[in-house]
Amino acid sequence: MYELGKERCDAPGGIDIESGYCSGMTVHSSADPQGSSFTHREILVVFAGIALAMLMAALDQTIVATALPVIAADLGGFEQISWIVSAYLLSSTATTLLYGKLSDLHGRRRLLEIGLVLFIIGSGLCAAAGVFWQLVAARAVQGAGGGGLMALSMTIIGDMVAPRERGRYQGYIAAIFATASVAGPVLGGYLTEYLSWHWIFLINLPLGAIALLLAHRTLGRLPVRHGQARVDYWGAVLMVAGVVCLLFLVTGGGNIFPWLSATALSLGVGSVVLLLLFVQRERRAPEALLPPRIFKSSVITIGFCMIGVTAMVLIGVTIFLPLYLQVVADASVSSSGLLLLPLVGGVTVGAVIGGRLVSHTGRYKIFPILGLATAAVALAMLGLLVGQLGYLGDVLILVLLGVGLGHVMPVITVAVQNAAGPGDLGTATSALSFFRSLGGAIGVAVFGAVLTARSAEVMAKAGQDVEIETLIEQGMTALEGLSPALNQAVTAAFATAFAEIFFLATGITMVAFGLSWFLKELPLRSNRSRRPDIALE
């Protein structure tokens, strides 16, 4: 007799470590011995609801960017303005694993509804905020809901669709995420300019209500586990505390406090100690948030590493591309936003085509290999030809970069979900979201530090005294007030800094490329599998 978590396996072959399944076991719903399948029409109806939920969560990571100066002028607190973004990032990243584990125990619909309710309440509180720190607290509440929306959306697709067919839907989700990364700042700027910054949050109330209604009506057939379930609350406390310390370090280092300060050292040591204690706790907990057994699958372990490293590049580069286009490529503020559309279009095309090819061929390993190689070439070209490509050259390179990166994240999601044990689908998928968010936060911090330090160093050598942080925050607005000579010096300094950022991104992409060769290719199942103790809601 063998055990996987709390489930028993009496098959002679025991448990397949790579897949997490009991050898020879037929898994289905106890309420429906044949398993409950979904028609394509039912999948599309459900997908509409979760796509709306995911779009709201993705938008709220970027929609406030263009409104930050206006919010600071209205509420005060310009020196701490980054906390409006960081509060959402901290709470959403820290709660992602909790949503995954709790959804494995209590069902996806219940947890998705909780996430939507928290997100709606947080949005209302943000819109009603009258002082700066009230808005920061409300953003934390909003993030606590948003942390579950993305992870659970991808998990629900895993519940409804066989692994071999998931690629096309994961491609659509990647397209939503990419679109939100560009549409967010544009929509935020429009609402702020023509209405008020409060509408950035008010718009979530009707959208959230629609998503909540769709979720309640369409997700009733998703599986839910019955029986006594225990949650590792001490593990949750250690994990959240460790992640918060780490994110405080990467978002505040070099910005709110120096990297070599006592504050940075304390946060670094604290995060390491707390996360080590979390790992020790997970080894003993009966219902671990991140069960050690899932790391026995090399596919899952490599997938987590690849998704984190790729997110460092995708999110980190995307955040600073508008500044590069404005300062180095001499694009206007509005056109720099439009010039991101080729990147988003490339990501969308790459994700959709990659997903469909996975579904058609039943294979996945080759796609991230080709995608990462393509992305590395595009980034290297940006570094070598920084500021020399012109509009058409920038567009072509950004399309190439987008297509390459679009082949990675949705395909890795399919591979990890396929390798996860039947009772760990939510945990594995939410862990992917966790590592993606963590990798993105680290990427933004690292690239921001390189940009600030390198451009300041070049300006100092040229004998120019300019506040680099102000230029990074204000972009073209700050450049317009400089003399021609100083403007030229700033452009040259930023070109040097961005060249190093693109080369650094190339190196990070090559790390992910190297990892992709160790990704084991398991056969993609053509049917959905469920654990024997699962009944329907």
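Each chain carries its own residue numbering, running from 1 in the written order of its sequence. Per-residue local features of the predicted model are confined to residues with pLDDT of at least 70, and side-chain atom pairs are confined, for both listing and counting, to 80 or more; whole-chain, interface and lining totals are unaffected and use all residues. Based on all heavy atoms of the structure, the side-chain values leave hydrogens and waters out of the count.

## Some remarks on the overall build of the protein chain
Moving on, step 1. Helix and strand assignments come from DSSP, with helices taken as H or I runs of at least 4 residues and strands as E runs of at least 2, each series counted from the N terminus. Across its full length, the protein chain carries 20 helices and four strands.
Moving on, step 2. For the protein chain, with 537 residues in total, the buried portion stands at 57%.
Moving on, step 3. For the protein chain, restricting intrachain contacts to residue pairs at least 6 apart in sequence, the fraction spanning at least 24 positions comes to 82%.
Moving on, step 4. Accessible surface is estimated by sampling points in the Shrake-Rupley manner with a 1.4 Å probe; for residues, cover comes only from the protein chains shown. Roughly 21,400 Å² of accessible area belongs to the protein chain as shown, and the carbon and sulfur atoms make up 67% of that amount. Between buried and exposed lies partly exposed: a residue is buried under 20% and exposed over 50% of the maximum accessible area for its type, with that area taken using a 1.4 Å probe on protein chains only. When checking whether two residues touch, look at their non-hydrogen atoms; a contact exists if any pair is within 4.5 Å.

## A short note on the nonpolar core
Moving on, step 1. By nonpolar core we mean a set of buried residues, namely Ala, Val, Leu, Ile, Met, Phe, Trp, Tyr and Cys, connected to one another through side-chain atoms within 4.5 Å. Counting 111 residues, the largest nonpolar core has Leu135, Tyr364, Phe498 and Phe502 as the members making the most contacts within it.
Moving on, step 2. The leading source of residues in this core is helix H11 (residues 298–327), at 18 residues.
Moving on, step 3. Not counting residues up to four positions away in its chain, the partners in contact with Phe502 are Val317, Leu321, Tyr324, Leu379, Leu382, Gly383 and Val386.
Moving on, step 4. Counting 34 residues, the second-largest nonpolar core is a separate cluster that includes Met56, Leu59, Leu152 and Ala211.

## Some thoughts on a nonpolar patch on the surface
Moving on, step 1. Candidate patch residues must exceed 30% relative accessible area and have no salt bridge, after which like charges are joined if within 9 Å and Val, Leu, Ile, Met, Phe, Trp or Tyr side chains if within 5 Å. Whenever Lys or Arg places a side-chain nitrogen within 4 Å of a carboxyl oxygen from Asp or Glu, that contact is recorded as a salt bridge. Together, Val377, Met381, Leu384, Leu385, Leu400 and Phe503 make up a nonpolar patch on the protein surface, roughly 490 Å² of accessible area in all.
Moving on, step 2. Sort the elements by how many residues they give to the nonpolar patch and helix H14 (residues 366–384) lands first, with three residues.
Moving on, step 3. Note that Leu400 resides in helix H15 (residues 390–406).

## A few points about the packing of aromatic side chains
Moving on, step 1. Working definition: rings of Phe, Tyr and Trp (its six-membered ring) pair if their centres are within 6.5 Å, and the pair is stacked with planes under 30 degrees apart, edge-to-face with planes over 60 apart, and tilted otherwise. In the structure shown here, the tally under the stated rule is 10 aromatic pairs.
Moving on, step 2. Plain terms: the ring middles of Phe434 and Phe435 are 5.2 Å apart, the flat faces sit at 75° to each other, and that makes the pair edge-to-face.
Moving on, step 3. Taken together, the aromatic side chains of Phe295, Phe304, Phe434 and Phe435 make up a single cluster linked through ring pairs.

## Focus: the side chain of Ser271
Moving on, step 1. Among the structural elements, Ser271 can be located in helix H10 (residues 262–284).
Moving on, step 2. By relative accessible area, Ser271 is classed as buried at 4%.
Moving on, step 3. Here a polar contact is taken to be a pair of N or O atoms separated by no more than 3.5 Å, where protein atoms must pair a possible hydrogen donor with a possible acceptor and residues adjacent in sequence count only if both atoms sit in side chains. A distance of 2.8 Å separates a polar side-chain atom of Ser271 from the backbone oxygen of Gly268.
Moving on, step 4. Setting aside residues up to four positions removed in sequence, Ser271 forms contacts with Gly242, Cys245 and Leu246.

## Describing the pattern of salt bridges
Moving on, step 1. Enumeration according to the criterion identifies two salt bridges in this entry.
Moving on, step 2. Residue Glu521 pairs with Arg363 through a salt bridge whose shortest N-O separation is 3.0 Å. Of the two residues, Glu521 sits in the loop between helix H20 (484–516) and strand S4 (534–536) while Arg363 sits in the loop between helix H13 (341–361) and H14, which places them 158 residues apart along the sequence.
Moving on, step 3. Residues Arg454 and Glu500 are paired through a salt bridge, measuring 2.4 Å at the closest nitrogen-oxygen approach.

## Quick look at the packing of helix H3 (residues 83–106) against helix H4 (residues 108–128)
Moving on, step 1. Each axis is a line fitted through C-alpha atoms, and for a helix only the stretch in contact is used; angles between axes span 0 to 180 degrees, taken between their N-to-C directions. Viewed as axis vectors pointing N to C, H3 and H4 meet at an angle of 155°, and their least axial separation amounts to 8 Å. As the angle between them shows, H3 and H4 are arranged roughly antiparallel. Crossing handedness for the pair H3 and H4: right-handed. Counting all contacts with H3, which are made through Tyr88, Tyr99, Gly100, Leu102, Ser103, Asp104 and His106, the residues of H4 involved are Arg108, Arg110, Leu111, Gly115, Leu118 and Phe119.
Moving on, step 2. In terms of residue class, the contact of H3 with H4 is made up of six nonpolar, four polar and three charged. Between 65 and 115 degrees an angle is taken as roughly perpendicular, under 35 as roughly parallel, over 145 as roughly antiparallel, and anywhere else as oblique. Whether a crossing is left-handed or right-handed is set by the direction in which the near helix is turned from the far one by less than a right angle, anticlockwise for left-handed and clockwise for right-handed. In this classification, the charged set is Asp, Glu, Lys and Arg, the nonpolar set is Ala, Val, Leu, Ile, Met, Phe, Trp, Tyr, Cys and Pro, and all remaining amino acids, among them Gly, are polar.

## What to know about the confidence of the model for the protein chain
Moving on, step 1. Values of pLDDT, which run from 0 to 100, indicate the predictor's confidence residue by residue. Residues with a pLDDT of 70 or more make up 77% of the protein chain, whose mean pLDDT is 76.
Moving on, step 2. Of all helices and strands in the protein chain, the one with the weakest mean pLDDT is S4 (32), whereas H14 scores best (92).
Moving on, step 3. Residue range residues 530–537 is modelled with pLDDT below 50. Its contacts to residues more than four positions away, or to other chains, number 49 contacts.

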